[in-house]
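# Summary of the model geometry
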Number of protein chains: 2
Amino acid sequence: MKIGIIGYGNLGKALERGARLSSEFEIVGIFSRRNIKAKYAKVFNSNTVFKYENVIDCLLLAGGSSHDLPVMSPALAKKFNIVDSFDRHSEIKEHFDKVNASALAGNHSAIVSCGWDPGLFSIMRLFGKSFLNDCRISSFWGRGVSQGHSEAIRKIDGVKYAIQYTVPKTEAINEALAGKKPENAKEAHIRECYVVADSAKQREIEEEIRNIPEYFKGYETHVNFISESEFLNKHQRMFHGGRVISFGETGGENKGTAIMDFQIKMDSNPDFTAGIMLAYARAVKRLYDMKNYGAKTPFHVPPYLLLENAYFDLL
Amino acid sequence: MKIGIIGYGNLGKALERGARLSSEFEIVGIFSRRNIKAKYAKVFNSNTVFKYENVIDCLLLAGGSSHDLPVMSPALAKKFNIVDSFDRHSEIKEHFDKVNASALAGNHSAIVSCGWDPGLFSIMRLFGKSFLNDCRISSFWGRGVSQGHSEAIRKIDGVKYAIQYTVPKTEAINEALAGKKPENAKEAHIRECYVVADSAKQREIEEEIRNIPEYFKGYETHVNFISESEFLNKHQRMFHGGRVISFGETGGENKGTAIMDFQIKMDSNPDFTAGIMLAYARAVKRLYDMKNYGAKTPFHVPPYLLLENAYFDLL
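First, a word on scope: everything that follows refers to the structure included in this document.

What counts and what doesn't
Residues numbered from 1 in each chain as written. Chains lettered and ligands numbered in written order. Predicted model: local features only at pLDDT ≥ 70, side-chain atom pairs only at ≥ 80, totals over all residues. Heavy atoms only, no water. Pairing = 2+ DSSP bridges. Helix = DSSP H or I, 4+ residues; strand = E, 2+ residues; numbered from the N terminus. Contact = heavy atoms within 4.5 Å. Axes fitted to C-alpha atoms, helices over the stretch in contact; angles between N-to-C directions. Buried area = accessible area lost by both parts, 1.4 Å probe. Salt bridge = Lys/Arg side-chain N within 4 Å of Asp/Glu carboxyl O. Phe/Tyr/Trp six-rings, centres within 6.5 Å; stacked < 30°, edge-to-face > 60°. Buried < 20%, exposed > 50% of the residue type's maximum accessible area, 1.4 Å probe, protein only. Least-squares fit on C-alpha atoms with pLDDT ≥ 70 in both.

### Details of the sheet that holds strand β5 (residues 82–83) of chain B
Residues and elements named next belong to chain B. Within the open sheet, the 7 strands sit side by side as β3-β2-β1-β4-β5-β6-β14. Their pairing is parallel. The open sheet has two free edges, formed respectively by β3 (43–45) and β14 (294–296), since each of these has just one partner strand. As paired elements, strand β2 (residues 26–32) and β3 share 3 bridges and run parallel to each other. Along β3, the bridge assignment pairs Ile30 with Val43. Across the face of the sheet, helix α2 (residues 69–77) comes into contact with β1 (2–6), β4 (58–61), β5 and β6 (109–111) while running at roughly 175° to β4. Contacts between helix α3 (residues 92–105) and the sheet are confined to β5, β6 and β14, with β14 contributing the most and set at about 145° to the helix.

See the structure below:
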């Protein structure tokens, strides 16, 4: 199948690498607003993408969820089958509705919010709620790198390098495994920061980090100032991970419980996310071929569509 | 929705208990060949079931996979929407084809092989293959009670009580977590047996257990003879569990790996299985209402159909 990739940041590059792993994908081009050179594929300016509407089977969108995808996904879904990884959880319904209207108007198929959370973790939460009675679901992220939090620190005046690791608290995991109602995410995670900055400004910077609303305020935050060489040696990888624990009741008066515990670990967050998006690209083409138009989320996609061949042997 | 339950063994009883946990299910009746009394629901003879074809939204089949389901599922799928837990992995395609022909002929919907394996574990294996490159998947069962193996021991002359626990080997789990290609299931599991028998016959019985083909021969088998009182005190529960580990590559020349590790533990195998089957009963009614007839497996069912309400908040 012929794919296009919009954007060439970490995720766009990972999609290019991931697509090359399988002979089923042919990259028509990478579309970027910037004047870039891609590692393997041809590069075109974003605003030429509509020239390829009859060539590309699926466009994979590697833009950001704050500014890019809310505009790009609905605009492109009219003319292309698309897959995106829109990740602002509380706004997914609104995003879905806009993409759906556009895809239906253009007789195309779209799958939004494909990744590990939202995406794979969402499916685990839904399985918990569907199969277990009085299900208590706790989602944990990390230990791993949060790009958003790292960037928030880098914007502070005087910071040269910074990275933030999200770390779930062991006590919170143990409580989830024991079936306690989940705490809010703030209480269940530690924010571990490694920062390179001028020593004279460190006390001030630490104070500023701790008070960034949404990102750090209210969290247990550990700020570590380290040398530039330590940072460059030890803090360059974008590994991540996470866990969804669903604890619930079964059997009514027999008073049993059951637990579903899903854990992932990955060396590279963008590469793993790209693998998931490429599987949903396969699915979106098959939905389109079946004339099943409109927007979907991973909740709407029957699993067999993710894999091209021989799925009965996996049952 | 109105459901019927066919069979009243461990799984049939669990389906009755499970259905009572939610106000959305009304049990029209339990259908049995035997003259039984159910705990809560009305009981009818199995051969009267076709009288209820216009009343029952979904029939849940709680029969065995060796003899009951290969006959009952195709026979009933013509007149009813059905859900079964057919679990003979290598015969699922054949079973599916027969049920599919029958359901299509009668304009009904059917979902076969709903449970945790096949079912939930199958979906995990499919996700592994879909999202990861060169994916190595290992499935582990236990520690938990295998009904089939326990029964095989009980059939031996001189055995009064017996139970068999399937136990995955720690080394095999560690190898799967490290990305080694999976061994066959025989090498990855221990069969732990607790048997009550006349002491004079124990040596002979142990020898006989170790040589039962398919069930024990070739496995690391531990046979423990215990007293009747110890058996009755300590070995009455039908707990089970399992784990699917998918290890694969991401990122092409960047040479990363990712791991998806899904573990379940349950106090009661039939109660957990019943919870899964009831969710698929919800789905089969919705498929039927959409006129999406024929047979499906859990691979064919979009996850959102498993849960009645408000799924966007779980994304």
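### Here we look at the interface of chain B and chain A
Listed by partner, the interface residues are 60 residues for chain B and 60 residues for chain A. Taking both sides of the interface into account, the surface hidden between chain B and chain A amounts to around 5,600 Å²; carbon and sulfur atoms contribute 68%. Where chain B meets chain A, there are 2 salt bridges. A salt bridge links Lys39 of chain B to Glu253 of chain A; the shortest N-O distance between them is 3.5 Å.

### Details of the packing of aromatic side chains
Per the stated rule, a full pass over the model turns up 33 aromatic pairs over all chains. Ring centres 6.3 Å apart and planes at 55° place the aromatic pair Phe262 of chain A and Phe262 of chain B in the tilted group. Taken as a pair, Phe262 of chain A in strand β13 (residues 256–266) and Phe262 of chain B in strand β13 (residues 256–266) lie in two separate chains rather than in one. Ring plane angle 75° and centroid distance 6.1 Å describe the contact between Tyr311 of chain A and Phe299 of chain B, whose orientation is recorded as edge-to-face. Here Phe299 of chain B lies in the segment after β14 and Tyr311 of chain A lies in the segment after β14 (294–296), a pairing that spans two chains. The pair formed by Tyr311 of chain A and Phe299 of chain B is uniform in burial state, with each residue classed as buried.

### Some points on the sheet that holds strand β10 (residues 189–197) of chain B
Residues and elements named next belong to chain B. Judged by pairing direction, the sheet is mixed, and its 4 strands sit side by side in the order β8-β9-β10-β11 without closing on themselves. The sheet terminates laterally at β8 (144–145) and β11 (220–225), the two strands that pair on one side only. Direction of pairing for β8 relative to strand β9 (residues 159–168): antiparallel, over a ladder of 2 bridges. Within β9, the position partnered with Gly144 by the bridge is Thr166. On the sheet, helix α8 (residues 202–210) packs against β9, β10 and β11 and is oriented at approximately 155° with respect to β11.

### Looking at the pattern of salt bridges
Pairs may arise between side chains of opposite charge once their charged atoms sit close together. Using the criterion set out here, one finds 36 salt bridges over all chains in the structure. Between Lys285 of chain A and Asp289 of chain A there is a salt bridge; the shortest N-O distance is 2.9 Å. Of the two residues, Lys285 of chain A and Asp289 of chain A both sit in helix α10 (residues 269–289), 4 residues apart, roughly one turn of that helix. Of the charged contacts, one joins Arg282 of chain B and Glu24 of chain B as a salt bridge, the two residues approaching to 2.8 Å between their closest N and O atoms. Taken together, the residues span a long stretch of sequence, with Arg282 of chain B in helix α10 (residues 269–289) and Glu24 of chain B in the loop between α1 (10–20) and β2 at a distance of 258 residues.

### Observations concerning the relation of the copies chain B and chain A
Mapping chain B onto chain A leaves a residual RMSD of 0.0 Å; the transformation is a rotation of 180° accompanied by 0.0 Å of translation along its axis. Here the transformation between the copies is reduced to the relation of a two-fold axis. Mapped onto chain A, 100% of the interface residues of chain B again fall at the interface, so both copies present the same surface.

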